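An overview of the molecular structure
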Amino acid sequence: MAALNVRDLHKRFGSTEVLKGIDLTVESGEFAVLLGPSGCGKSTLLNVIAGLEQPNAGTVEIGERMVNAIPAKDRDIAMVFQSYALYPSMTVRRNITFGMECRGVPRPQQDEAVARVAALLQIDGLLERRPSQLSGGQRQRVAMGRALVRNPLLFLFDEPLSNLDAQLRVDMRTEIKQLHGRIRSTIIYVTHDQIEAMTMASRIAVMNKGEIQQFAAPDVVYNRPANLFVARFLGTPPMNTMKARLVRDGDGLAATIGTVRLPLPAQPQAARAFIDRDVFLGLRPECITDPGRPGATLEAEVLTIEPTGAETIVLASVAGERLRARVAPDVRLTPGQRTALVADTRSACLFDPATERLIG
Amino acid sequence: MRDSLRPGRWLLYAVLIGFAGFTLLPLVVVILNSFRTAQEIARTSVVGWPHGLAWQNWVQAWSGYCIAQRCEGIRPYMENSFMLAVPATILSTALGAIAGYSISLWRFRGDTIVFAVVVMGVFLPEQMKLIPWALVLRELGLTNTIAALVLIHTVQGMSFTTLFCRNYYIGIPQDLMKAARVDGAGYFRTFWRIVLPLSPPILIVTVIWQFTGIWNEFLYGVTFTTGGQQPVTAALIAIATTPATDLVEYGIQSAAVLLAAVPTLLVYFLGGRYFLRGLTAGAIK
């Protein structure tokens, strides 16, 4: 069953079109992440789904029920806000039960629900405190508790971890993922943090300028980005994209960048249509590495090196194109040095320069 | 030599103390005169040290002195002022809180225009509104009643209270409102359960501001009420302008003025700390 079904959704603020025809179907039990740079419309989309903003056109269905005309409180959703939005004057317990109070749930039932959620999130000891007496991580838990207590069809998370410090963010990430594994609810999760998206999502919807660029599983979004935007947005550092010419190479294909020739095994049939034409060649930095691995050799000039400890990111110039490579930390390179790098082109992506879309 | 002991400092403090003394002088004269008999003042001068403590001035001012042919002192007029200032303060603050809440947190079409029009009331001079109010009061049949003054001060006070509350509430994060909507809280429940508990700082400010302003207001009081319906500010003028005998009762007048100032001073001393804090505080964390 589709937990969420969004069709051709448009939203304007004044003359600015923030959502330009969003189509999105999320299956029940999925952990869907809306990922994109700030201003891409992901939070607006979440607010429209929640019923906190009205769309200018298009439909929203939650649990296969059309909810366009239904107010937020009756949409069977729960929301966790970036600022947590805990009611400052209420205790943790009242914060969690406020929704039930509004809906007239009897007191014993409320207490039962609080006990269940408090145990799940380990906030039993905090129930009589006020939000101002809690740490950031505790507030985050309470905000999640307020959402969990509803047991809704759809959880909406609006950048819930971005106010936490780095360490806590990593912990909460794991915890939310585990929580989802336990309760198996459908989650729509907005973030600009691609690590969060990659680690937690069952599918990622990459958004830019009010449009969904790609909606697919994390490894698909990462390894087969639908277009140049997705390729250049995901990954730290992102995918290298170089202008290249596609040529025939025996039975197979190869890309030429200046004098460099890279054989391209494992390209889809559609790529043949681009033989003897310009394309964008996309190669992840981890596919360009130090010699000693299998692949085609690239003569490169080292421009800068960025050691991270586990590996070293090398910015290099190859046939006039700048690209980033990941090499082992024990490979000593200095800027200005000429060196050989090895490109593993088995997972190379080709993009149509006219449409910027992935070929095949 | 320490900084604070330099001659320049001494001069500075001397000048400041001089100015402060000058500012306080009228108050000192009034306090001193409230303990001097009329005869003593007439014999010497309006400015002078009391020879004894003439407590009867205070008694007379409170409950015996004749004002406009009624010899009950200012007490009934103080009561009038309470009957008018307390409800008008509560009503204007409550309405201002609701209005400020609506304008800042339940954005509606044209809300900024409504706000601009309401706040314009802050800048309109009282005199301009005298005749319109006279017509309204006549239509409502409220001429020469305390209820009329309650109505006027409630309506006019809303400009200030709405401005204060709106500027305070605008600091409440929109996410709180969204959370309340998702939780299913409506307009009044959100106000009552979420916004109002955050409001004491600004409500104290508006109450002090409104009470002081309404208590001290004179023009409407003297224009729209006569005789026994007048607030204390109007009665004080009546004391000053209708001397009972040839002897001007400066002592009783002084005591009456001081008595009339007690409620606002009390409010200030009790809530002044909040007042200074509230005017600058806006952020709600």
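Residues numbered from 1 in each chain as written. Chains lettered and ligands numbered in written order. Predicted model: local features only at pLDDT ≥ 70, side-chain atom pairs only at ≥ 80, totals over all residues.

**Brief notes about the sheet that holds strand E9 (residues 203-208) of chain A**
The strands that make up a sheet pair up through hydrogen bonds in the backbone, lying either parallel or antiparallel. All names here are of chain A. Sheet architecture is open: six strands sit in the order E6-E7-E8-E3-E9-E10, paired in mixed fashion. Whereas interior strands pair on both sides, the edge strands pair on one side only; in this sheet they are strand E6 (77-80) and strand E10 (211-216). Ignoring strand direction, the axes of neighbouring strands in this sheet form an average angle of 15 degrees. Pairing of strand E3 (residues 31-35) with strand E8 (residues 186-191), which is carried by five bridges, proceeds in the parallel orientation. Among the inter-strand pairings, Val33 is bridged to a residue of E8, identified as Tyr189. (Pairing = 2+ DSSP bridges. Helix = DSSP H or I, 4+ residues; strand = E, 2+ residues; numbered from the N terminus. Axes fitted to C-alpha atoms, helices over the stretch in contact; angles between N-to-C directions.)

**So, the nonpolar core**
Judged by nonpolar contacts, the single largest core of 151 residues is most densely connected at Val33, Ile49, Leu156, Ile188 and Ala205 of chain A. Ranked by residues supplied to this core, first place goes to helix H7 (residues 146-169) of chain B with 12 residues. Val33 of chain A has contacts with Tyr189, Thr191, Ala197, Met200, Ala201, Ile204 and Ala205 of chain A, leaving out every residue within four places of it along the chain. Ranked by size, the runner-up nonpolar core spans 17 residues in total, among them Ala61, Tyr65, Ile67 and Ala235 of chain B. (Core = buried A, V, L, I, M, F, W, Y, C linked by C-beta atoms within 7 Å. Buried ≥ 20, exposed ≤ 12 C-beta atoms within 10 Å, placed from the backbone. Contact = placed C-beta atoms within 7 Å.)

**Comments concerning the interface of chain B and chain A**
With 15 residues of chain B in contact, the opposing surface of chain A contributes 17 residues. Secondary-structure elements contributing two or more residues to the side of chain B that touches chain A are helix H8 (174-183) and helix H9 (187-195) of chain B. In terms of residue count, the dominant contributor to the side of chain B that touches chain A is H8 of chain B (seven residues). Taken together, the residues that form the side of chain B that touches chain A break down as nine nonpolar, one polar and five charged. (Nonpolar A, V, L, I, M, F, W, Y, C, P; charged D, E, K, R; others polar.)

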